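# Tertiary structure, described
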Amino acid sequence: MRRALSISSLVPADVRGLKTDSEDVQHTSPSSDTSVGTVTTWVLLTILLAGAAVRILTIDFRGLWIDEVTTVWQAQMPIGQLVELFISGKLYHPPLFHISMHYWIRLFGIGEVALRLFAAMFGVGSIVAAFWAAKALDGRRAGLIASGIVAFSPYLIWYSQDARMYSMSMFFGFMSTGYFLRALLNNRRGDWVGYGVMTALGMFSHYTFLFLPLGQAVYYLWLELFIPLRQRQRGDNAGTLWTRLLRIRQDVPTLGPWLATVGLYSAVFAIWFAPAVLMPAAATGLNSAAASTLAPRFADSVRIIVEMIGGFHSPSVISGAVAMWPLMISALLIGLDFSNYFRRRAALFITAGVGIVLVVSWGQWNPIMMSSRYLIALVAPLVLLVAGTVAMLPRRRATVVLLLGFVLSAALWTNQTFSLANDMRDGSRESIAHVAENYQTGDTVIYQPWFLQSLYEYYLPADMEAYPIPMLDDDEKPRRGSDELTADLNRVVGQAPRVWLVMGYEDMPEHAEISSFTLAWLRSKGYSPQDEQRVGGTRLLLLQEGRTGALDNGSSE
Amino acid sequence: MILIEHSRRASYLRTCRLLAVGAMAVTAAYLYWLLVVARVDNVALFAILVVAELFNVSQALGFWYTISIQKWIEPESPKFEETSETVDIFITVCGEPADIVGKTVRGAVEIRHPRASVWILDDGPSAEIESIAAEHGAGYLTRSDRQGAKAGNINAAMAKTTGDYILILDADHCPHQAFLEKTLGAFSDSRMAFVQTPQVYTNGSTNRVAAGANCQQALFYGPILRGRAGGDAVFSCGTNVVFKRSSLDSIGGMPEDSITEDLRVSLLLLEKGYKSTYVPTVLAQGLGPTTVSDYFGQQMRWARGGLEILLKRGPFFRGMKRSAVLLYALGFQYWFTGWAYSIYLILPIVNLVFGLSPFHVPNNHPLFFIPYILVTFFTLIYAADYRLSFSAIWFTLAAFPVHVWSLISVLLGKTATFVVTPKVASAARRRGASRFQHVHLLVTLVLVGACVIGVALRGFTPSVMSNIAFAVGHIIIMQGFVRYHRQPAMAPAIIDERDAASPALAPLASHEQGVSLLPLPLLSAEQNEEKAV
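## Overview of the overall build of chain A
Across its full length, chain A carries 24 helices and 5 strands. In chain A, 73% of the contacts between residues at least 6 apart in sequence involve partners at least 24 apart. Only carbon and sulfur atoms are counted for the fraction: they give 64% of the accessible area of chain A, which is about 24,000 Å².

This is the structure in structure tokens:
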């Protein structure tokens, strides 16, 4: 009988069936196996509870940011209207998250905690999914390490507390990766079905999930199909090209199921993908003008890696960490010594590598893509690689590495969660609360950027009004001091005795310019700064008409 | 050992050449940025940085040239029954353990050749070694003094023997039966003086030091010597080499005026109009250094010998082929690597402590630097057929005090002595040769101190963080040697036994360590457990 040619087939028959469900990787007696299994279960349970506690107990420590509120308004739409938005391509996100949130909101409401619990649920689920996937490849020890990384990574905690689709995407990333590895090793129908379903769900959770199956496909075509076939051709040239082509399926037994699975989830995805690619933004980039130089994008590329390792911090911390790029070269060199390890896990390495290269490349063209959250589906292969590497180390060294990692993560998480100085914490909720607390009848509240409008609508008390400073004119071109902007300000400010000027996103030049222009305009109208506060990424200024400002030393400029 | 199967050689060489061209392009872009675009900050620092960078670039260019002219020499096996040449097999011994010598003698007497005589050249001398010779039917030669070290030992033996060809084996290099069949064919060229073959270490997985030394050797005996063969610049490496006696006679025997008599004899023979070649087939297995001090001792001898020849013996001569001039110059230049690395060590320290930089670092600096570094490394990795470990680079850089001290001692005219690389670990030797480890410890402490001072003076600014990152990279290189010196029982290197499989030389394949970067099949948890170290 012809020996199957797939690389997976090199796995000897006695171990082809993965023993992940019932057996440990160690050859131990049944009683010790049970005891190891019990310990594993308890450790996993502890990690799970700790991970859940960290996510839930601090779930509302930061206010919602604009995208989360947008989710609320979109998901509250009648389901028919929502579906129409998707079909028309006006809402370019895949629909799974929004439709799920629609029913979630109907059940639990739109409170901060309720909204974020949906994401936290997938975040906690990812802890178990990571254990399951890592255990399949590297055993229980790696499984526990993977679950620990997911449970305590500041970056992953952040997105488990974000009322968006990212934790959902991560969860399906782990499930898809786990099933993919199992399917290649076992070639069982159940695993292929699981892989197809999880990948399809993942692709409907966020469009960047697409990079994960793309990486998997590159791995499959190269290492499971092309190289074995080439080796076969070298060793056996019998038959015509046609007969050799017909033999491929026999030579590579996973080819049929793989093609069927990929075909299935691609077909399902195409339903949404077709209108999505017709969107103008898909062809031109959302802000192609900003992608003119590569230099800032390099820093962004490093930043997303820094964020994935250490979570979110103030720009000064991030820029310091980005400046440590030479460490990447050291890591690369040291990685050579682990090359045996990496090449045995080519499925993970290639999947993650191809995905990251695609996201970063896309980011060169379309700057909005340069965000670490768009790599969230690729967290799965990366975590499995790290977990497997640490699990491979001698026990004492692994313990030291894990302890150091845990302490560092705890420190970074503390800074991320409790430091209001962290600009990644938008500060809008606290700013609006401050304004509401100190608001006097007749005050005018103006804020920028304009797109925070839905956030103000969410947090602002019903009896108060706030006005965005519009940045864009009808042609979506920045006004930047145009007559229209002056007219808008005249209309909004009127004769108000006090003006609250709330300024966010000042790290972006276009918004800083508007802030500066508005402040200058208010000064020209006789308003002087009386109080200034900074809350997270938001600057809050109280100006009063006709009085010498308490802050008139120029500090507010 | 980096062997390339016959079927892959054409595509491998083509890719090496393509990569070399690509690497030159990104290097040119980086040099353009450094020399034209960069805004100089501190002139002195910029000047020494440029010197170091130009040194590295010239080394890289030399390497790319070398890998582009690789040549595989596989001489046809002569029919010994139809020829009449005689061969002396010299096993040089100088205090090596009897069991190691015994294995080598046993291997030597089994070499297939009807007119080969095995001689033990014992500079010990030792009754035990003499009995081993008698046991295996080998000749035993010794002398009253150790004049001329290994070269003197060989010359003394040449005076007492008459073979047309001389195969030289170190005491620990056990030869394969086919040694002469695979090499003597090269002497069909009447101008051929010697044929060198690879040195591989069987103890390459003993510990990190052995693995590192082994990796360095693999690169040298792989693409580098194959390239030197293409450029007619192969030099003798002292063991696993076959000389034509008449060629040695023509220069008065092995030169005794250098501690690297192998390099010296190669140049003298080249000057006499002789040729040399390299057969990239593993035909003997030896033992490499297993302790830091042994490794540094070996490096010290090579560096001092090489630099002495460069500075005092006039290695270049009129009529030398251009490719040979270039390749020998590159070989000598290697021993200055430590000076270039010292500059890279100094720069972050100066920045962190005094706030001085060679140039203003704009955002786009990594865009020029990273492609240059990555493509350079990738070319190195590819040329090594994806079998390169961090150790190979690490050991080269960490040997910087050896390189620095070698040049100083040569310039000061300090007397060098021939030291045999010990074949067994010795605690006394570890203690005795620890001065270089003290340098590593000191540099580590200075780097850590500079990081602390940098943060204390200027806080966590991007500039400080970037220099801390460079400092950490250096600390990673230093700390291993500090630890390994203090802790002789080192962790085994990560070695893939599967890489040992070599269709070219199956009986000898078990020694072939190396870490291939090519992807391997997906394995289950059980198999990964088995493979994990």
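After presenting the structure, the write-up continues.
## A look at the overall build of chain B
Helix and strand counts for chain B come out as 19 helices and 10 strands. Put simply, of all contacts in chain B between residues at least 6 apart along the chain, 83% involve residues at least 24 apart. Surface accessibility of chain B: about 20,700 Å² in total, with carbon and sulfur atoms responsible for 60%.

## Observations regarding the sheet that holds strand E4 (residues 527–535) of chain A
All names here are of chain A. Taken together, the 5 strands give an open sheet; going across it, the order is E2-E1-E3-E5-E4, and neighbouring strands pair in mixed fashion. Where the open sheet ends on each side, the last strands, each with one partner, are strand E2 (466–468) and E4. Between one strand axis and the next, the sheet turns through 20 degrees on average, direction left out of account. Two strands pair when backbone bridges link them, and strand E1 (residues 444–448) and strand E3 (residues 498–504) are joined in this way by 5 bridges, in the parallel orientation. Its bridge partner being in E3, Thr-444 is matched across the sheet by Val-499. Those strands touched by helix H21 (residues 428–438) are E1, E3, E4 and strand E5 (538–545), and its axis lies near 175 degrees from that of E3. On the sheet, helix H23 (residues 483–493) packs against E1, E2, E3 and E4 and is oriented at approximately 150 degrees with respect to E1.

## A word on unusual backbone geometry
Across the junction of Gln-448 of chain A and Pro-449 of chain A, the peptide omega takes the value 10 degrees, indicating a cis bond. For Pro-449 of chain A, the position within the fold is in the loop between E1 and helix H22 (453–459). Following Gly-124 of chain B, the chain continues into Pro-125 of chain B via a peptide bond in cis, with omega recorded as -25 degrees. In this structure, Pro-125 of chain B sits in the loop between strand E2 (116–122) and helix H4 (127–136). One non-glycine residue, Asp-385 of chain B, lies in the positive phi region at around 55 degrees. Summarising the element assignment, Asp-385 of chain B is placed in the loop between helix H13 (365–383) and helix H14 (390–398).

## As for a nonpolar patch on the surface
Residue and element names in this part refer to chain B. Taken together, the side chains of Tyr-32, Leu-35, Val-36, Val-37 and Leu-54 present a nonpolar region at the surface, about 470 Å² in accessible area. With 4 residues, the single largest contributor to the nonpolar patch is helix H1 (residues 9–37). Within the secondary structure, Val-36 sits in helix H1. Judged by relative accessible area, which is 53%, Val-36 ranks as exposed.

## Section: H4 of chain B
An α-helix turns once per 3.6 residues; consequently, residues spaced three or four apart project the same way. All names here are of chain B. Within H4 the residues assigned to the buried category are Ile-129, Ile-132, Ala-133 and His-136. Relative to the axis of H4, the buried residues are bounded by an arc of 100 degrees and lie together on one face. Turned more than 90 degrees off the buried face of H4, the exposed positions are Ala-127, Ala-134 and Glu-135. The elements touched by buried residues of H4 are strand E1 (87–93), helix H3 (98–109), E2 and strand E3 (139–142). The distance from a side-chain oxygen at the start of H4 to the backbone nitrogen of Glu-128 is 3.2 Å, and the residue carrying that oxygen is Ser-126. Gly-137 occupies a position one or two residues after H4 and carries a positive phi of about 75 degrees.

## A word on the packing of helix H8 (residues 166–186) of chain A against helix H9 (residues 189–203) of chain A
All names here are of chain A. Taken N-terminus to C-terminus, the directions of H8 and H9 make an angle of 155 degrees; their axes are 8 Å apart at the nearest point. Classified by the interaxial angle, the pair formed by H8 and H9 is roughly antiparallel. As H8 packs across H9, the resulting crossing turns out to be left-handed. Contacts between H8 and H9 involve Ser-169, Phe-172, Met-175, Ser-176, Tyr-179, Phe-180, Arg-182, Ala-183, Leu-184 and Asn-186 from the former and Gly-190, Asp-191, Trp-192, Gly-194, Tyr-195, Met-198, Thr-199, Leu-201 and Gly-202 from the latter. Taken together, the residues of the contact of H8 with H9 sort by class into 10 nonpolar, 7 polar and 2 charged.

## Examining the sheet that holds E2 of chain B
Residues and elements named next belong to chain B. Pairing is mixed across the open sheet formed by 7 strands, whose spatial order is E3-E2-E1-E4-E8-E6-E9. With partners counted over all chains shown, the strands left at the sheet margins are E3 and strand E9 (275–278), one partner each. Strand after strand, the sheet turns through a mean of 25 degrees between neighbouring axes, direction not considered. Where E1 lies against E2, 7 bridges are found, and the strand directions are parallel.

## Things to note about the pattern of salt bridges
Residues and elements named next belong to chain A. One pass over the full model with this rule turns up 27 salt bridges over all chains. Of the charged contacts in the structure, one is a salt bridge between Arg-182 and Asp-191, with a shortest N-O distance of 3.5 Å. Each member of the pair, Arg-182 together with Asp-191, is buried. Residues participating in the shared-partner salt-bridge network are Glu-506, Glu-532, Arg-534 and Arg-539.

## Some points on the state of the cysteines
Residue and element names in this part refer to chain B. Under the criterion given, the structure shown has 0 disulfides over all chains. As a non-bridged cysteine, Cys-174 has Cys-237 as the owner of its nearest cysteine sulfur, 19 Å distant. Between Cys-237, a cysteine without a disulfide, and Cys-215, which holds the nearest cysteine sulfur, the sulfur-to-sulfur distance is 18 Å. Overall, the relative accessible area of 12% leaves Cys-237 in the buried class.

## With respect to the pairing of E4 of chain A
Strand residues, when the strand is regular, have side chains that alternate between the two faces of the sheet. All names here are of chain A. Pairing of E4 with E5, which is carried by 8 bridges, proceeds in the antiparallel orientation. Along E5, the bridge assignment pairs Ser-528 with Gln-544. Linking two consecutive strands that pair antiparallel, namely E4 and E5, is a turn of 2 residues; a positive phi of about 60 degrees is found at Gly-536 within it.

## Focus: the pairing of strand E6 (residues 192–196) of chain B
All names here are of chain B. Across the 5 residues of E6, 5 count as buried, placing the element largely inside the fold. Pairing geometry for E6 and E9, over 4 bridges, is parallel. Within the sheet, the bridge partner assigned to Gln-196 lies in E9 and is Tyr-278.

## Observations concerning the packing of H1 of chain B against H13 of chain B
Helix packing for two helices is described by the angle between their axes and how far apart those axes are. All names here are of chain B. Viewed as axis vectors pointing N to C, H1 and H13 meet at an angle of 160 degrees, and their least axial separation amounts to 9 Å. Judged by the angle between their axes, H1 and H13 are roughly antiparallel. Crossing hand, H1 versus H13: left-handed. The residue makeup of the contact of H1 with H13, split by class, is 17 nonpolar, 6 polar and no charged.

## Some thoughts on the packing of aromatic side chains
Two aromatic rings, taken as a pair, are described by how far apart their centres are and by the angle between their planes. Going through the model one piece at a time under the given rule, you end up with 58 aromatic pairs over all chains. On the numbers, 5.8 Å between centres and 85 degrees between planes, the contact of Phe-204 of chain A with Phe-269 of chain A is edge-to-face. Of this pair, Phe-204 of chain A sits in the loop between H9 and helix H10 (211–235) while Phe-269 of chain A is found in helix H12 (residues 255–277), placing the two residues 65 residues apart along the sequence. Accessibility classification places Phe-204 of chain A together with Phe-269 of chain A in one group, the buried group. Put simply, the rings of Trp-325 of chain A together with Tyr-30, Trp-33, Phe-46, Phe-359, Phe-368, Phe-369, Tyr-372 and Phe-470 of chain B touch in pairs and so form one group of aromatic residues. When the ring centre of Trp-158 of chain A is taken as origin, the NZ or CZ atom of Arg-62 of chain A, which lies over that ring, is 3.7 Å away.

## Describing the side chain of Thr-277 of chain B
Structurally, Thr-277 of chain B can be placed in strand E9. Look past the residues within four positions of Thr-277 of chain B in its chain and what remains in contact with it is Ile-73, Ala-186, Met-192, Phe-194, Val-195, Gln-196 and Val-234 of chain B.

## What about the side chain of Asp-443 of chain A?
All names here are of chain A. One can find Asp-443 in the loop between H21 and E1. Among the polar contacts listed, one links the side chain of Asp-443 to the side chain of Arg-498, at a separation of 2.9 Å. Residues within four places of Asp-443 in sequence aside, it is in contact with Asn-438, Arg-498 and Trp-500.

## Quick notes on the confidence of the model for chain B
Per-residue confidence for chain B gives a mean pLDDT of 86; residues scoring 70 or more make up 87%. Long-range and interchain partners of residues 489–518 of chain B, a stretch whose pLDDT sits below 50, account for 90 contacts in this model, where long-range means more than four residues apart.

## Describing the confidence of the model for chain A
All names here are of chain A. When pLDDT is averaged along chain A, the result is 82, and 82% of the positions lie at 70 or above. Counted against residues more than four places away or in other chains, residues 1–28, with its pLDDT under 50, gives 70 contacts. A low-confidence stretch, residues 286–292 (pLDDT under 50), is modelled with 11 contacts involving residues beyond four sequence positions or located in other chains.

Definitions and cut-offs
- Residues numbered from 1 in each chain as written.
- Chains lettered and ligands numbered in written order.
- Predicted model: local features only at pLDDT ≥ 70, side-chain atom pairs only at ≥ 80, totals over all residues.
- Heavy atoms only, no water.
- Helix = DSSP H or I, 4+ residues; strand = E, 2+ residues; numbered from the N terminus.
- Contact = heavy atoms within 4.5 Å.
- Areas by Shrake-Rupley, 256 points an atom, 1.4 Å probe, with all protein chains shown as cover.
- Pairing = 2+ DSSP bridges.
- Axes fitted to C-alpha atoms, helices over the stretch in contact; angles between N-to-C directions.
- Patch = residues over 30% accessible without salt bridge, like charges linked within 9 Å, V, L, I, M, F, W, Y side chains within 5 Å.
- Salt bridge = Lys/Arg side-chain N within 4 Å of Asp/Glu carboxyl O.
- Buried < 20%, exposed > 50% of the residue type's maximum accessible area, 1.4 Å probe, protein only.
- Arc of directions from axis to C-beta.
- Polar contact = N/O pair within 3.5 Å; in protein donor to acceptor, adjacent residues only side chain to side chain.
- Parallel < 35°, antiparallel > 145°, perpendicular 65-115°, else oblique.
- Left-handed = near helix turned anticlockwise from the far one by under 90°.
- Nonpolar A, V, L, I, M, F, W, Y, C, P; charged D, E, K, R; others polar.
- Disulfide = S-S within 2.5 Å.
- Phe/Tyr/Trp six-rings, centres within 6.5 Å; stacked < 30°, edge-to-face > 60°.
- Lys NZ or Arg CZ within 6 Å of the ring centre and 35° of its normal.
- pLDDT = per-residue confidence, 0-100.

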